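Summary of structural features
So you can see what is in the structure, the chains are spelled out below.
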Amino acid sequence: FIASRTRDEKLWVAGYRRSDGPTEYFLYDQTKKTTSPLFVSNPKLLDYEFAPMEDVVIKARDGLELVGYLTRARTNAKTPLILMVHGGPWARDYWGFNSKAQWFANRGYATLQVNFRGSTGYGKTFLHKGDKQWGVGDMQHDLTDAVKWAIDEGIADKDNICIYGGSYGGYACLAGLTFTPDLYKCGVDIVGPSNIKTLLDSIPPYWGPLRSGMLLKIGDVDSDEEFNRKISPLYHVENIKSPLLIGHGANDPRVKQAEADQIASSMKEKGIPVEYILYSDEGHGFARPDNRIDFNGRTELFLAKHLGGRAEEFLKPDGSTASFPLEK
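Below you will find a few notes about this structure. (Residues numbered from 1 in each chain as written. Predicted model: local features only at pLDDT ≥ 70, side-chain atom pairs only at ≥ 80, totals over all residues. Heavy atoms only, no water.)

Here's the deal with helix 9 (residues 289-307)
The end-to-end C-alpha separation of helix 9 is 26 Å, in line with the 27 Å expected for 19 residues at 1.5 Å each. Of the positions making up helix 9, those classed as buried are Asn291, Asp294, Phe295, Gly297, Arg298, Thr299, Glu300, Phe302, Leu303, His306 and Leu307. Following helix 9 by one or two positions, Gly308 has its phi on the positive side, about 90°. (Helix = DSSP H or I, 4+ residues; strand = E, 2+ residues; numbered from the N terminus. Expected span 1.5 Å × (residues − 1). Buried < 20%, exposed > 50% of the residue type's maximum accessible area, 1.4 Å probe, protein only.)

Shown next, in the form of structure tokens:
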């Protein structure tokens, strides 16, 4: 890719992006027709061997083609699979070096990322195919179909599938466990909403235009209580069969702590295995390194327990603010 160039276009800075290592930058001289290396985005990564990311095309049940990205653990045999769902949902996954996919591959898991309908980058028609398709609709069906594709292709062990995601990806995790409970061995929900109506009610007034747009795309959960109950995992907790790990920030302005509190409490009351970790100084996602390390360490222990992969010994970082609301 072209990172920059001079106005006379005689000198170009070009980047070489790959999925199994850092990005390398070069200077291209148009006049001399020569290239010379400039720098590497993260040179320490050059000392390690990483798994390549494959681009795949998956056909959904209605024939719609979905672009996805597969990172395999270093084995030719089928392995446990982590379906890693992007947030937004009006966003997308990209091909390239992905630190989480590499982490999972190192621990023995294949990682599948899929740009389900409603994702950006594929035109307005594809984007709007996701309208009013949350939870029990085609957006979630696309994720289900992607997992079944991986099973049919001999990539994934059908008895060891985890659904993992943050924000909308966290919602998709909760929806997967409630609406397709036999498909997933476990789930990891990071800052995901459990009740769409309470999610939208918590939006501050100055986000008004955003809220109106979300109602058009999600569906009118304001006036249609039945629809909200239909797509909100909180109302279907009794369907969950698999253990869930929840991570949330107490200061999250986008998905309030209550979204995690309510589903975690409901699962505990019903005797369904759930681990809930709250970070007092985090918001919509985990920004502080100690908290990231803390949650990742707990996540890989959770995955090793339920999927059977590798995990390092966990030592809580000194600066972690993790607390456990369900233990109070």
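Section: the state of the cysteines
The tally for this structure, following the rule as stated, stands at 0 disulfides. Cysteine Cys173 remains unbridged, with the sulfur of Cys162 as its closest cysteine sulfur at 6.8 Å. Residue Cys173 is classed as buried on the basis of its relative accessible area, which comes to 0%. (Disulfide = S-S within 2.5 Å.)

Remarks on the packing of aromatic side chains
Across all of its chains, the model carries 17 aromatic pairs by this definition. Centre to centre, the rings of Trp90 and Trp134 are 6.2 Å apart; their planes meet at 45°, and the pair counts as tilted. Separated by 44 residues along the polypeptide, Trp90 in the loop between strand 7 (79-85) and helix 1 (99-106) and Trp134 in the loop between helix 2 (124-128) and helix 3 (138-152) bring together distant segments of the chain. For Trp90, a relative accessible area of 23% corresponds to the partly exposed category. In this structure Trp134 comes out as buried when scored by relative accessible area, which is 4%. Ring centres of Tyr279 and Phe295 lie 6.4 Å apart, and the angle between their planes is 80°; this geometry places the pair in the edge-to-face category. (Phe/Tyr/Trp six-rings, centres within 6.5 Å; stacked < 30°, edge-to-face > 60°.)

Regarding unusual backbone geometry
What you tend to see is this: most non-glycine residues have negative phi, and most peptide bonds are trans. Geometrically, the link from Gly88 to Pro89 is a cis peptide bond, its omega value of 0° lying close to zero. Inspection of the secondary structure puts Pro89 in the loop between strand 7 and helix 1. Backbone geometry places Ser167, a non-glycine residue, at a positive phi of 65°. With respect to the helices and strands, Ser167 occurs in the loop between strand 9 (156-166) and helix 4 (168-179). With a phi close to 45°, Val191 is a non-glycine residue in the positive phi region. Of note, Val191 is situated in the loop between strand 10 (186-190) and helix 5 (196-201).

Here's the deal with the side chain of Asp29
You can see Asp29 is positioned in strand 3 (residues 24-29). Notably, Asp29 is buried but unbridged: the nearest opposite-charge side chain belongs to Lys32, and the N-O separation is 4.5 Å. From its side chain, Asp29 meets the backbone nitrogen of Lys32 in a polar contact 3.0 Å long. Apart from residues no more than four positions distant in its own chain, Asp29 is found in contact with Lys10, Leu11 and Thr34. (Lys, Arg positive; Asp, Glu negative; His and termini not counted. Salt bridge = Lys/Arg side-chain N within 4 Å of Asp/Glu carboxyl O. Polar contact = N/O pair within 3.5 Å; in protein donor to acceptor, adjacent residues only side chain to side chain. Contact = heavy atoms within 4.5 Å.)

With respect to the pattern of salt bridges
Enumeration according to the criterion identifies 18 salt bridges in this entry. Between Arg211 and Asp222 there is a salt bridge; the shortest N-O distance is 2.8 Å. Separated by 11 residues along the polypeptide, Arg211 in helix 6 (residues 208-218) and Asp222 in the loop between helix 6 and helix 7 (225-231) bring together distant segments of the chain. Judged by its relative accessible area of 18%, Arg211 falls in the buried class. The exposure class of Asp222 is partly exposed, given its relative accessible area of 34%. Asp281 serves as the salt-bridge partner of Arg288, at 2.9 Å between the closest nitrogen and oxygen. A relative accessible area of 31% places Asp281 in the partly exposed class. A network of salt bridges, in which partner residues are shared, links Asp62, Arg117, Asp138 and Asp142.

Here we look at the sheet that holds strand 9
The sheet built from 9 strands is open, its strands ordered 5-6-8-7-9-10-11-12-13 with mixed pairing. Looking along the sheet, the strands with just one partner apiece sit at the ends: strand 5 (53-59) and strand 13 (322-323). Bridging between strand 12 (residues 274-279) and strand 13 involves 2 bridges; their strand directions are antiparallel. For Tyr279, the partnering residue across the bridge sits in strand 13 and is Ala322. (Pairing = 2+ DSSP bridges.)

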